[in-house]
Amino acid sequence: MIPTIAAREVPLLTTDQMIEVDRAMIVDYGIDLVRMMENAGRALAYLARERFLDGHPQGRHVVVLAGTGGNGGGVLVAARRLHNYGAQVTAVVTKPDESLTPVSRDQLAILRRMGVAVVGVDDVACVENVDVVLDGLIGYSLRDAPRDAAATLIQWANEQSAPVLSLDAPSGVDTTTGAAFEPAVDATATMTLALPKEGLRNPGIERNVGDLYLADISVPPELYERFLGINIPPIFARSDIVQLV
């Protein structure tokens, strides 16, 4: 059972503040991107299994939509774990392997060595019988409406009858302003990371965000105080994932 916590008790971050958190994690604390990505992907796989697969992922079809950056790497980690749980996994990537960031490219290479199905955007129309979609197309770096492959996959996700679980933010949503571009994912649930971003709590964005969860990626509480002047309660004392209500 994933515990709940009142949203008003959890501080919000702007996109610029989250960029500073990521920088401080890597530069000042030595907690590198691979560790953060593994934490995010593990939590996402757990939430997908418990919330959308009834705790029984064996034989269920999970489709992960992976962009080129960190969010894409996170859903690829989740894909690996769900495959290990016994799910049938299809990874859909927006661009060729060489276009991914190095850490995400390594995650994709692991999936290929494991024999997990990896397809491109041109083949997504053939992907059927989906039980849950994991959205890792675009993260907090979004500045304009999604285009090309990302836009195509957002539209595909919104057309599915299966639930959609977004990582960090629904693709197509500006995490600071809360603006939903066209197209934007209409998520059943969103699992955001570290602390929720301001835009995910804006009135009217609920249709895109769905139920909002928060996952621990091991940011030290001292980091928030040291670099942002924010005091953080022990949000994850009971669980690595909480639901904000």
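Scroll up for the structure.
These numbers were taken from a predicted model, which means no experiment stands behind them.

## Brief notes about the overall build of the protein chain
No. 1: Counting its secondary structure elements, the protein chain contains seven helices and nine strands.
No. 2: What you see for the protein chain is a C-alpha radius of gyration of 17 Å, in line with the 18 Å of a compact globule of 245 residues.
No. 3: Counting all 245 residues of the protein chain, 56% fall into the buried class.
No. 4: Looking at the protein chain alone, contacts between residues at least 24 apart form 76% of all its contacts between residues at least 6 apart.
No. 5: Within the structure as shown, the protein chain displays about 10600 Å² of accessible surface, and the carbon and sulfur contribution to it stands at 47%.
No. 6: Placing the 20 positive and 31 negative side-chain charges of the protein chain at their respective mean positions leaves the two points 4 Å apart.

## Examining the pairing of strand E9 (residues 241-244)
No. 1: Side chains Ile241 and Gln243 project from E9 onto one buried face, and the interleaved Val242 and Leu244 project onto a second face that is buried too.
No. 2: Judged from the two bridges that link them, strand E1 (residues 4-5) and E9 form a sheet pairing that is parallel. If you follow isoleucine 5 over to E9, its bridge partner there is leucine 244.
No. 3: With four bridges joining them, strand E8 (residues 211-215) and E9 adopt antiparallel strand pairing. Bridging from a neighbouring strand, tyrosine 213 pairs with glutamine 243 of E9.

## Re the nonpolar core
One broad trend across soluble globular proteins is that nonpolar side chains are buried collectively.
No. 1: One finds Val62, Leu82, Leu134, Leu165, Met191, Tyr224 and Ile235 to be the most contacted residues of the largest nonpolar core, which totals 67 residues.
No. 2: Broken down by element, the residue count for this core peaks at eight residues, all from helix H2 (residues 33-52).
No. 3: With sequence-adjacent residues up to four places away left out, methionine 191 is seen in contact with Ala40, Ala43, Leu44, Leu47, Leu165, Ser166, Leu167, Asp168, Tyr213 and Ala215.

## Thoughts on the pairing of E8
No. 1: Burial analysis of E8 places four of its five residues in the buried class, the great majority of the element.
No. 2: In this structure, strand E7 (residues 189-193) lies alongside E8, joined through five bridges in parallel fashion. Note that in E8 the partner of alanine 189 across the bridge is aspartate 211.

## Quick word on the pattern of salt bridges
No. 1: Enumeration over the complete set of coordinates arrives at 10 salt bridges.
No. 2: Arginine 60 is the salt-bridge partner of aspartate 131, the closest N and O atoms lying 3.4 Å from each other. Highlighted residues: aspartate 131 in the loop between strand E4 (117-120) and strand E5 (132-136) and arginine 60 in the loop between H2 and strand E2 (61-66), separated in sequence by 71 residues.
No. 3: Given the relative accessible area of 24%, aspartate 131 is considered partly exposed.
No. 4: A residue is classified by how much of its surface remains accessible, and arginine 60, at 24% relative accessible area, is partly exposed.
No. 5: One network of salt bridges, in which partners are shared, links Glu20, Arg23 and Asp28.

## Section: a nonpolar patch on the surface
No. 1: Together, Ile26, Val27 and Leu33 make up an exposed nonpolar region whose accessible area comes to about 250 Å².
No. 2: Topologically, leucine 33 is positioned in helix H2.
No. 3: Note on leucine 33: relative accessible area 35%, which makes it partly exposed.

## Here's the deal with the packing of helix H3 (residues 70-85) against helix H4 (residues 102-114)
No. 1: Axis separation between H3 and H4 bottoms out at 8 Å; the angle between their running directions is 25 degrees. In this view, H3 runs roughly parallel relative to H4, as classed from their interaxial angle. Classified by chirality, the crossing of H4 by H3 is left-handed. Residues Gly70, Gly72, Gly73, Leu76, Val77, Ala79, Arg80, His83 and Asn84 of H3 touch H4, and the partners they reach there are Ser104, Gln107, Leu108, Ile110, Leu111 and Met114.
No. 2: Residues of the contact of H3 with H4, tallied by class, amount to seven nonpolar, seven polar and one charged.

Calculation rules
- Residues numbered from 1 in each chain as written.
- Predicted model: local features only at pLDDT ≥ 70, side-chain atom pairs only at ≥ 80, totals over all residues.
- Heavy atoms only, no water.
- Helix = DSSP H or I, 4+ residues; strand = E, 2+ residues; numbered from the N terminus.
- Rg over C-alpha atoms; globule rule 2.2 N^0.38 Å.
- Buried < 20%, exposed > 50% of the residue type's maximum accessible area, 1.4 Å probe, protein only.
- Contact = heavy atoms within 4.5 Å.
- Areas by Shrake-Rupley, 256 points an atom, 1.4 Å probe, with all protein chains shown as cover.
- Lys, Arg positive; Asp, Glu negative; His and termini not counted.
- Charge placed at Lys NZ, Arg CZ, Asp CG, Glu CD.
- Pairing = 2+ DSSP bridges.
- Core = buried A, V, L, I, M, F, W, Y, C linked by side-chain atoms within 4.5 Å.
- Salt bridge = Lys/Arg side-chain N within 4 Å of Asp/Glu carboxyl O.
- Patch = residues over 30% accessible without salt bridge, like charges linked within 9 Å, V, L, I, M, F, W, Y side chains within 5 Å.
- Axes fitted to C-alpha atoms, helices over the stretch in contact; angles between N-to-C directions.
- Parallel < 35°, antiparallel > 145°, perpendicular 65-115°, else oblique.
- Left-handed = near helix turned anticlockwise from the far one by under 90°.
- Nonpolar A, V, L, I, M, F, W, Y, C, P; charged D, E, K, R; others polar.

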